[in-house]
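Architecture at a glance
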Amino acid sequence: MIRRWCDDLVLGMRLALSGGGARTALVRLALTAAGVGLGVAVLLTATSVPHLLGAREDRAAARAAFADAAPAAGVDPVYLVGLTDEYRGRGLQGFLVQRTGARPPAFPGVDRLPRPGEAVLSPALADLLASPEGAELRPRFPQRVIGGVGDAGLTGPNELYFYLGSATAAAQPNAVVVSRTGGTLAGHRDLTSLELLLVVLGATTCLVPVFVFVATSTRLAAASRDRRLAALRLVGADRGQIGRIAAGEAVLGAVAGLVVGGALFLLVRALVPLITVSAFRGGVFGGDVVPDWRLGLPVVVLLPVLACAVAVFALRRVVIEPLGVVRRGTRARRALWWRALPAVVGGVLLVARSESAATDARDSAVVAGVVLILIAVPLVLPWLVERITARLRGGSPAWLLAVRRLQLDGATAARLVSGIAVVLAGSIALQGVYARAETDRPDPGTVRLVGSNFASSLPDVQAFTAALRELPGARDVPVETHGRLTNAAGAEIPLILGSCAELRSEGAAGDCRDGDVFAIGTPSAGEYHPAPGDRTWFDGARRADPAVAPQWTVPVDRFHAVATERPAALLVTPGALATATSVGLVSNVTIPAAGPDLVEQVRNAVGALGWNGIVYSLGTGDDGTYALITRVLSVGSILVLLFAAGSLMIAAWEQLRERRRSLAALMANGVGRGVLARSLLWQMAIPVAVAVVIAVLAGLVLDWLLLTLVVRRPMVVDVSTILALTATAAVAVLGVTAATLPALWRTASLEHLREE
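Here we summarise the structure given alongside this text. (Residues numbered from 1 in each chain as written. Predicted model: local features only at pLDDT ≥ 70, side-chain atom pairs only at ≥ 80, totals over all residues. Heavy atoms only, no water.)

Right, let's get into the sheet that holds strand E6 (residues 176–178). The six strands lie next to each other as E4-E3-E5-E2-E1-E6, forming an open sheet whose pairing is mixed. Every other strand in the sheet has two partners, leaving strand E4 (144–148) and E6 as the edge strands with one partner each. Direction aside, the axes of adjacent strands within the sheet are offset by 30 degrees on average. Docked against the sheet, helix H4 (residues 123–130) engages strand E1 (78–87), strand E2 (90–99), strand E3 (118–121) and strand E5 (160–165), running at close to 85 degrees with respect to E5. (Pairing = 2+ DSSP bridges. Helix = DSSP H or I, 4+ residues; strand = E, 2+ residues; numbered from the N terminus. Axes fitted to C-alpha atoms, helices over the stretch in contact; angles between N-to-C directions. Contact = heavy atoms within 4.5 Å.)

Dropping the structure here:
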């Protein structure tokens, strides 16, 4: 029995290689392999995501720096200040480094840590600074570049990362002492329910069409295969043999698709380092794109099994009624109940889980409900196309040719557009969640630019203020400067630096003059309240150097005590700090509404002063997680739409090749090429129109179920987005039709009549 089964499988493979002529068979096999290969490449890339993220996390953890609990022996510790910045939407990260000796700790990918005035840059950052695009960024990096950051110290090949030498990092409030690198990164915040929903819905929208098209690809050239197998059935092959022969044909196409998919996957690995989209945060190393064997192995095994199952399932009519493959024969009408069953079950799962207060998008029932509803779209689509085309009458010759073709074989046309239908339905639901999430986000008018700069001397404070005042749009923006003073016992008090006009709003006396000092507020028990002549340090000075001498003495003749209900603080005018040996002050600026150019100019002002500060925005999200999710899903949606259009084109080419004789016969009987072209357009446009209708309905229903029942938010319908997605589907049809016209002219050649 095993030998007989193997013989049947081998016969199926031979038919796949030679059935209908060697050239025709090879073209058919190539199209099937291309379709399956696209799906394999997408699935292998998707299964590589866990390893990719893990590798990025490992490198980020290896370069992480945390305050030492105990110094490492034989290592001179360094002071580090973590810096996060941005340039034209691209993130910049790095460290401000102050060495304490000749034996600093080793950092991954860095040969030598920089000294003051030196910098170590990642290759992408160095290239950006050397390019015309980086002209506005160069003022932030006036240091001399002494080396680069290797791959071991980067999360991606396009990451903008740096180490800058500094002489004042130790005195900054957020400086840490480090003698070793590496550690466990702090966990990210939990995703909100809407963000989880975006991830689940986006992943389903991107992956379900892949499986749909893989199943469709195994049924390319279904008509000629049905005729071959029906002939074998008529000459005595039993049902089991027919199924095994069909499985052999499908397995060969699937195996060829695996080979093509593997080659495409290797091409993807070679190309991913070139991706500079900001959503990928520094890009991806090709070596990190490695499929997880626990996910990749099922893909390799599942695709041939899926191909066999689809091929055998499609032979129901051939096995039972061999003569039923004649295209002029009357076909049994398709049943609706089992096609709509997944949508019903998916809806029931979502409704049932909505009763649980703990339900969120991670719930397996929610995931299953989303998948089942989207799977129902390609199942119901052939039934709808069959019912609608059966009622179409009249029209131009091109219309009549298209309608008649759809009436005879509407299921094939429906399968061709089912991938686009799934993408469209998922995208509509996805855009609905986008719209809902955007309404939950702060009003863009509330976004504020906040900049801060650490100063180790009074001239540094004045330099930052002067640089800011020179920027258009920031001349009148107030600059607030503050710090903390420490006495010999370690007690602290806030210090506020400003002119007399600025300090009056904080509680200074009305007869203030430059050089005065005001101690306001009533100190509580154990709290430091300075007195005239006190010798003090600025916060962080003794941490950097425990032996440092007092940095400032509180003036005796210009000291004023002011009793107020405010918290205790020391108000200091600039003239009073003239005798300070050094200071530790932070200047803050807040700009309620700053344009992109002003943002970059403020960042340059901070960078030009030694990167002793940071510029960031408020009101744009907690940590960029939402932006990352939406950008990645937007990129994924575009790629899947291109994949669907490419798969539609492959299937359309196969359909033209299979119908070459009938098209040639039409040309011989006087049908013009224009009529055939318009007929081809209608053959695609009618199923796409039906697909758009069912996709819009399915997308809106899914959107309502998820928002109302899962995350319990009111539904927001973005009509303009739905129209744009619908127009995109129409453009895809027009594009595919235009791309297949050259193949139509060749296929309709009268030479194909000689094959009869």
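A separate point is the packing of helix H7 (residues 239–271) against helix H8 (residues 293–313). Where H7 meets H8, the axes come as close as 8 Å, and the angle between the chain directions of the two elements is 145 degrees. Regarding H7 and H8, the two cross each other, and that crossing is right-handed. Between H7 and H8, the contacting residues are Gly243, Ala246, Ala247, Ala250, Val251, Ala254 and Leu258 on the first element and Val300, Leu303, Pro304, Ala307, Cys308, Ala311 and Val312 on the second. In terms of residue class, the contact of H7 with H8 is made up of 13 nonpolar, one polar and no charged. (Left-handed = near helix turned anticlockwise from the far one by under 90°. Nonpolar A, V, L, I, M, F, W, Y, C, P; charged D, E, K, R; others polar.)

The next thing to look at is the environment of serine 396. By the secondary structure assignment, serine 396 is in the loop between helix H11 (364–389) and helix H12 (397–440). Along the primary structure serine 396 and valine 675 are separated by 279 residues, whereas in three dimensions their C-alpha atoms are 9.0 Å apart.

Let's shift gears to the pattern of salt bridges. Any two side chains of opposite charge can pair, so long as their charged atoms come close to each other. This structure, assessed with the given rule, holds eight salt bridges. As a salt-bridge pair, aspartate 76 and arginine 103 come within 3.8 Å of each other at their nearest N and O atoms. In this pair, aspartate 76 sits in the loop between helix H3 (49–63) and E1 while arginine 103 sits in the loop between E2 and E3, placing the two residues 27 residues apart along the sequence. A salt bridge links arginine 144 to glutamate 118, with the nearest nitrogen and oxygen atoms 2.8 Å apart. Taken together, the positions of arginine 144 in strand E4 and glutamate 118 in strand E3 put the pair 26 residues apart, joining distant regions of the chain. Salt bridges here are not isolated pairs; linked through shared partners, they connect Arg112, Glu118 and Arg144. (Salt bridge = Lys/Arg side-chain N within 4 Å of Asp/Glu carboxyl O.)

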